[in-house]
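# Structure assessment
Spelled out from the first residue to the last, the chains are:
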Amino acid sequence: MYRLSTAARSHGAGPLRCAAYAAQAWLSGSALYLLASLLAGRRPSAQPSPESPRSPEPPPQGARVAVLVPAHNEEACISAAVAGLTAQDHPPHLLDVIVIADNCSDQTAPLAAAAGAAVWERDAGDAPGKGQALAWALDRLWQELPQTDAVVIVDADCAASPNLCSTIAAEIRGGADAVQVPYEVSNPSESPTAALRAAGFALKHVIRARGRARLGLSCNLFGTGMGFSAALLRRVPWPQSVTEDTELFVRLTRAGYRVAYAEGAGVTSRMPASADEAAEQQLRWESGNAQLARRELPGLLWQTLRTGDVQCPGAAAELALPSQSLMAAGGLALLAGGLVARDRRLATGAAATIAAQGSYVLGGLAIAGGTGLVLDALVHVPAFAAGRLHVLGRVASGRGAQTWVRTARREETRGYAAR
């Protein structure tokens, strides 16, 4: 901060120049964080996840796993989702697949039952939402299936790998409190928008998650393909917000728990194919993340100073991280401003930030094997980025999404799975 203010004063800084230097410091720090995660995550880890210092007693060898599938009008995809979960390689007598048919007005419930799931119907039109549905189901789970050792959450539009439940159960038996597996896009070739979203998922859900694990940091929670020990969920209340997964990640971090990253399994999901569909979905995500960052960042930073826990600044870095679109636009704007104002320090810093971001994106995608489709979609990046910036502008002006809203899809509407 001293260097920042000194540099600003040396150039006769007014409020605008000070703001530019502050923005440059934010973007530079974000770029360094991304590069560190790229370098750490450049190769898959063959090491087991380290045990959390707050782990409860591991469940017995035959862990009983309950899979919760929150579903709101998901008749188009629920049968396939349940079929993949009931066919897991985990022992069938130790596996309970439960579909939460939340405020459904279609055939989700009967189709899920016909596919082999237990169906818990929730009728609460005054309190809709994925977080509310999961909190309700967990309360019921402890009453009806108290012998449950681990809980797995899978969205209704996701395809789970056959070893999802056994992989999560093994991690929890090894001492992990919470587990996240990679979450990737199943339809990257459908459109340039889907290809770009697949690239973003590969960077965040594979490269950055792997890098954080290698650096000893807790993995983010992605909303699906995540598992928890029953003992942990009995102690930590489930959030009921638009971004309940990220909020839970912050709660766990502040409570001293670590989320392990397990690359041996995974889930995939279809993403919106059109720019309009993607913008609607992104508005919900960005609105919820902005609200959460404003609320939680001060507490994370204070806890860092008070305890020295490295997990808190690790979580704060994720909350404060701007989107790739905002980073690119901000870097270009600062570079242009530095050149116009003949501020060599600002222009050099912005150029370095742009180069670092480019290295992260291109290097990460090369490692993840996703360059082919992204190169095909590069011509659409300006329009995609403009749409993202429009979404961020709505969030910044207070016109973001306040609650969950259905995302309209080309072939069919989807419910909580789209969040």
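Use the structure listed above.
What counts, and where the lines are drawn
- Residues numbered from 1 in each chain as written.
- Predicted model: local features only at pLDDT ≥ 70, side-chain atom pairs only at ≥ 80, totals over all residues.
- Heavy atoms only, no water.
- Helix = DSSP H or I, 4+ residues; strand = E, 2+ residues; numbered from the N terminus.
- Contact = heavy atoms within 4.5 Å.
- Areas by Shrake-Rupley, 256 points an atom, 1.4 Å probe, with all protein chains shown as cover.
- Axes fitted to C-alpha atoms, helices over the stretch in contact; angles between N-to-C directions.
- Parallel < 35°, antiparallel > 145°, perpendicular 65-115°, else oblique.
- Left-handed = near helix turned anticlockwise from the far one by under 90°.
- Nonpolar A, V, L, I, M, F, W, Y, C, P; charged D, E, K, R; others polar.
- Pairing = 2+ DSSP bridges.
- Core = buried A, V, L, I, M, F, W, Y, C linked by side-chain atoms within 4.5 Å.
- Buried < 20%, exposed > 50% of the residue type's maximum accessible area, 1.4 Å probe, protein only.
- Expected span 1.5 Å × (residues − 1).
- Right-handed = clockwise from strand over helix to strand, strands pointing away.
- Salt bridge = Lys/Arg side-chain N within 4 Å of Asp/Glu carboxyl O.
- Phe/Tyr/Trp six-rings, centres within 6.5 Å; stacked < 30°, edge-to-face > 60°.

### Remarks on the overall build of the protein chain
From N to C terminus, the protein chain includes 15 helices and 10 strands. The contacts in the protein chain between residues at least 6 apart in sequence include a share of 79% that link residues at least 24 apart. Accessible area for the protein chain stands at about 17,700 Å²; split by element, carbon and sulfur atoms hold 59% of it.

### A closer look at the packing of helix H2 (residues 15–40) against helix H13 (residues 344–368)
The axes of two packed helices give the description: the angle between them and the distance between them. Two elements in contact, H2 and H13, have axes separated by 9 Å at closest approach and are oriented at 25 degrees. Comparing the axis directions of H2 and H13 gives the class roughly parallel. Every pair of crossing elements has a handedness; the one defined by H2 and H13 is left-handed. Contacts between H2 and H13 pair Ala20, Tyr21, Gln24, Leu27, Ser28, Ala31, Leu34, Leu35, Ser37 and Leu38 from the former with Arg345, Leu346, Gly349, Ala350, Thr353, Ala356, Ser359, Tyr360, Gly363, Gly364 and Ile367 from the latter. Broken down by class, the residue content of the contact of H2 with H13 amounts to 12 nonpolar, eight polar and one charged.

### Some thoughts on the sheet that holds strand E6 (residues 178–180)
One open sheet accounts for seven strands, arranged E3-E2-E1-E4-E8-E6-E9; its pairing is mixed. Either end of the sheet is taken by a strand with one partner, and the two such strands are strand E3 (118–122) and strand E9 (259–261). Strand-to-strand, the axes of this sheet are offset by a mean angle of 25 degrees, without reference to chain direction. Most of the contacts of helix H4 (residues 108–115) go to E3, to which it runs at about 165 degrees, and overall it touches strand E1 (65–71), strand E2 (95–102) and E3.

### Overview of the nonpolar core
Counting 98 residues, the largest nonpolar core has Val67, Leu68, Leu141, Leu164, Phe228, Trp238 and Leu252 as the members making the most contacts within it. With residues up to four places along the chain from it excluded, the contact list for tryptophan 238 reads Gly131, Leu134, Ala135, Leu138, Ile153, Met226, Phe228, Leu233, Glu244, Leu248 and Arg251.

### Observations concerning helix H5 (residues 130–144)
An ideal rise of 1.5 Å per residue puts 21 Å on 15 residues; H5 measures up with 21 Å between its terminal C-alpha atoms. Among the residues of H5, those classed as buried are Lys130, Gly131, Gln132, Ala133, Leu134, Ala135, Ala137, Leu138, Leu141 and Trp142.

### Observations concerning the pairing of E2
The side chains of a regular strand alternate, residue by residue, between the two faces of the sheet. In terms of burial, E2 is largely enclosed, as eight of its eight residues are buried. Residues Leu95, Val97, Val99 and Ala101 line one face of E2 and the alternating positions Asp96, Ile98, Ile100 and Asp102 line the opposite face, and both faces are buried. Bridging between E1 and E2 involves seven bridges; their strand directions are parallel. Counterpart to leucine 68 in the pairing with E2 is isoleucine 98. Since E1 and E2 lie parallel, the crossover through helix H3 (residues 78–86) that links them has a hand, and here it is right-handed.

### Some remarks on the pattern of salt bridges
Summed over all chains, the structure comprises 14 salt bridges. Across the salt bridge formed by arginine 64 and aspartate 96, the nearest N and O atoms sit 2.9 Å from each other. Highlighted residues: arginine 64 in the loop between H2 and E1 and aspartate 96 in strand E2, separated in sequence by 32 residues. Taking the relative accessible area as the measure of exposure, arginine 64 reaches 17% and is therefore buried. Judged by relative accessible area, aspartate 96 falls into the buried class, the value being 16%. Connected through shared salt-bridge partners, Glu247, Arg251, Arg254, Arg295 and Glu296 make up one network.

### Looking at the sheet that holds strand E7 (residues 183–185)
With respect to topology, three strands assemble into an open sheet ordered E5-E10-E7, the strand pairing being mixed. Each having just a single partner strand, strand E5 (158–160) and E7 make up the two edges of the open sheet. Neighbouring strand axes in the sheet, compared pairwise and without regard to direction, differ in orientation by 30 degrees on average. In the sheet, E7 pairs with strand E10 (residues 267–269) via three bridges, with the strands oriented parallel. In the strand pairing of E10, tyrosine 183 is matched with valine 267.

### Re the side chain of glutamate 296
Tracing the chain through its elements places glutamate 296 in helix H10 (residues 275–307). Not counting chain neighbours up to four residues away, the residues in contact with glutamate 296 comprise Val250, Arg254 and Leu319.

### Points about the packing of aromatic side chains
By the definition in use, this model includes two aromatic pairs. Pairing phenylalanine 228 with tryptophan 238 gives two aromatic rings, centres 5.6 Å apart and planes at 90 degrees, and the pair type is edge-to-face. With a gap of 10 residues between them, phenylalanine 228 in strand E8 (residues 226–229) and tryptophan 238 in the loop between helix H8 (230–235) and helix H9 (244–254) connect regions that are remote in the sequence. Since its relative accessible area comes to 7%, tryptophan 238 is described here as buried.

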